[in-house]
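Structural description and commentary
Now for the letters of each chain:
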Amino acid sequence: MARSTKHKSRGMHSAHHVGPNMTPMVDVVMVILIFFMLGSSFVSPDWYLTNNTPAIKGGLSNVKTNAMPPTRINIKLRVRGTRTIAILPGLQTADLSGELATFLTNKHKALSKGVPVQVFISPSNGVPYKDVITAYSDCIQARFKQVAFRPPPAQ
Amino acid sequence: MKIRGIKPMQDTHVNVTPLIDIIMCLIIFFLLVGHIAKAASVKGIKIPTAKNGKDLRDKSNQLIINLVPPTGGYSNDTAPAILIWNNRIPESQLAAYLRKQKGDNPKIKVVLRADRSIPYRFVAPVLISCAQAGIASIHFMTRRPG
């Protein structure tokens, strides 16, 4: 026994790890990292409807409607009970995402190409925002490029 | 005597210090991003769905306007709160606020986060304020259906 000790001290020096044991910390940190990465991937990505509204310098009194294309479509949105009705010339429907979208698509096809069309969405005061968005989404689906929102009628 | 010629043992552990540095940086990054996203977006807003939205690749120069519904229902006295960076902006001062933001950053883009149930009479003033401030680009935040 004494001989063995003597040899060890003379010929080899066992390595001693003097720092803290990092393995548990790495484990915990990796778990936190995976949690954040998964958490960020579960959040559904944003989805936007983009609109370029006409900028008005000096207020609404300076709006020149003559500058807009002469071909115009006015989509009135009105509340009937708990539902929202879209009213256009030749159409009155509560099916905003179906019938209105089809009507607008056919309307766009019927118009000759290259003719700019100004679409107005004119909701009344009580129309929920989600129905306004649905009507606007229909306009995008029908490939209308110039869509504007009209202020609600004064009460 | 056999072990006399053995070389001294070396530490064979992998040096994990750079790994920890990188991982800690990533965690701090995720924490900051989450914090910023939380500050810009307000809870309690049910975003409407839309079939024909698109992703925004360029998310720079965004100004998020949150329209938070009141807890007790809508009336003329309880209009939705207009929150920008968690600061409540009165409707009467919104156009001036946006005009100042537009002056500071001419490339500013407004993102409207409004609750799906808000009546249009409370949304229209925000759109009008944007137009009065000369902000032409408005993005309506929606969710994919389903």
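For the structure, see preceding data.
Thresholds, definitions, all that
The written sequence of each chain sets the order in which its residues are numbered from 1. Chains and ligands are labelled by the order in which they are written, letters from A for the one and numbers from 1 for the other. Whole-chain, interface and lining totals are the exception, using all residues; otherwise, since this is a predicted model, local features are given only for residues with pLDDT of at least 70 and side-chain atom pairs are given and counted only at 80 or more. Where helices and strands are cited, they refer to DSSP runs of H or I of at least four residues and of E of at least two residues respectively, numbered from the N terminus. Exposure classification rests on a simple neighbour count of other C-beta atoms within 10 Å of a residue's own: a residue reaching 20 or more is buried, one at 12 or fewer is exposed, and one in between is partly exposed. C-beta atoms are placed from the backbone. Working definition of a contact: two residues with C-beta atoms, positioned from the backbone, lying within 7 Å. Helix axes are fitted only over the stretch in contact, all axes being lines through C-alpha atoms; the angle between N-to-C directions runs from 0 to 180 degrees. Here the word oblique covers every angle except those under 35 degrees (roughly parallel), over 145 (roughly antiparallel) and from 65 to 115 (roughly perpendicular). Less than a right angle of anticlockwise turn of the near helix away from the far helix marks a crossing as left-handed, whereas a clockwise turn marks it as right-handed. Under this grouping Gly is polar, as are all residues other than the nonpolar Ala, Val, Leu, Ile, Met, Phe, Trp, Tyr, Cys and Pro and the charged Asp, Glu, Lys and Arg. When the strands point away from the viewer, a crossover counts as right-handed if the route from the first strand across the helix to the second turns clockwise. How far a helix is expected to stretch is found by multiplying one less than its residue total by 1.5 Å. Relevant arc is that of directions from the helix axis to the C-beta atoms, nothing else. Strand pairing is defined by DSSP finding a minimum of two bridges between the two strands.

1. With respect to the overall build of chain A
For chain A, the count of helices and strands is 4 helices and 6 strands. Burial statistics for chain A: of 155 residues in total, 24% are counted as buried. Counted over contacts in chain A with a minimum sequence separation of 6, partners at least 24 positions apart contribute 74%.

2. Structural notes on unusual backbone geometry
Residues and elements named next belong to chain B. The residue Asn61 is not glycine, and still its phi comes out positive at about 60°. Structurally, Asn61 can be placed in the loop between α1 (17–40) and β1 (62–68). For Asn86, which is not a glycine, the phi torsion comes out positive at approximately 65°. Tracing the sequence through the fold places Asn86 in the loop between β2 (81–84) and β3 (87–88). With 11 C-beta atoms packed within 10 Å, Asn86 lands in the exposed category.

3. Some details on the packing of helix α2 (residues 91–104) of chain B against helix α3 (residues 120–132) of chain B
Residues and elements named next belong to chain B. Where α2 contacts α3, the axes come no closer than 8 Å and their chain directions differ by 30°. It follows that α2 is roughly parallel to α3 by the angle criterion. For the pair α2 and α3, the sense of crossing is right-handed. Contact with α2, carried on its side by Glu91, Leu94, Ala95 and Leu98, involves Pro125, Val126, Ser129, Cys130 and Gln132 of α3 and no other residues of that element. Looking at the contact of α2 with α3 residue by residue, the class counts come to 6 nonpolar, 2 polar and 1 charged.

4. Quick notes on the pairing of strand β4 (residues 109–114) of chain B
Residues and elements named next belong to chain B. In terms of burial, β4 is a largely internal element, 6 of the 6 residues being buried. Side chains Lys109, Val111 and Arg113 project from β4 onto one buried face, and the interleaved Val110, Leu112 and Ala114 project onto a second face that is buried too. Once you follow β4 into α3 and on to strand β5 (residues 137–142), the crossover reads as right-handed.

5. What about α2 of chain B?
Residue and element names in this part refer to chain B. Given a rise of 1.5 Å per residue, 14 residues ought to cover 20 Å, and the 20 Å separating the end C-alpha atoms of α2 matches this to within 8%. If you check which residues of α2 are buried, you get Leu94, Ala95 and Leu98. End-on view of α2: buried residues confined to an arc of 95°, all on one side of the axis. Those residues of α2 that are exposed and aimed more than 90 degrees away from the buried face are Ser92, Gln93, Lys100, Gly103 and Asp104. On its buried face, α2 is in contact with β2 and α3.

6. Things to note about the packing of helix α3 (residues 99–110) of chain A against helix α4 (residues 129–141) of chain A
Residue and element names in this part refer to chain A. Two elements in contact, α3 and α4, have axes whose closest approach is 8 Å; the angle formed by their N-to-C orientations is 35°. With respect to the hand of their crossing, α3 and α4 are arranged in right-handed fashion. Taken together, the residues of α4 that come into contact with α3 (itself represented by Leu100, Ala101, Leu104 and Thr105) are Ala135, Asp138, Cys139 and Gln141. Its residues assigned to classes, the contact of α3 with α4 shows 5 nonpolar, 2 polar and 1 charged.

7. A few points about the sheet that holds strand β5 (residues 117–123) of chain A
All names here are of chain A. The sheet built from 5 strands is open, its strands ordered β4-β3-β2-β5-β6 with mixed pairing. Every interior strand has two partners, whereas the edge strands, β4 (91–93) and β6 (146–149), have only one. Ignoring which end each strand starts from, the neighbouring axes of this sheet average 20° apart. Of the pairings in the sheet, the one linking strand β3 (residues 83–88) to β4 comprises 3 bridges and is antiparallel in character. Counterpart to Ala86 in the pairing with β4 is Thr93.

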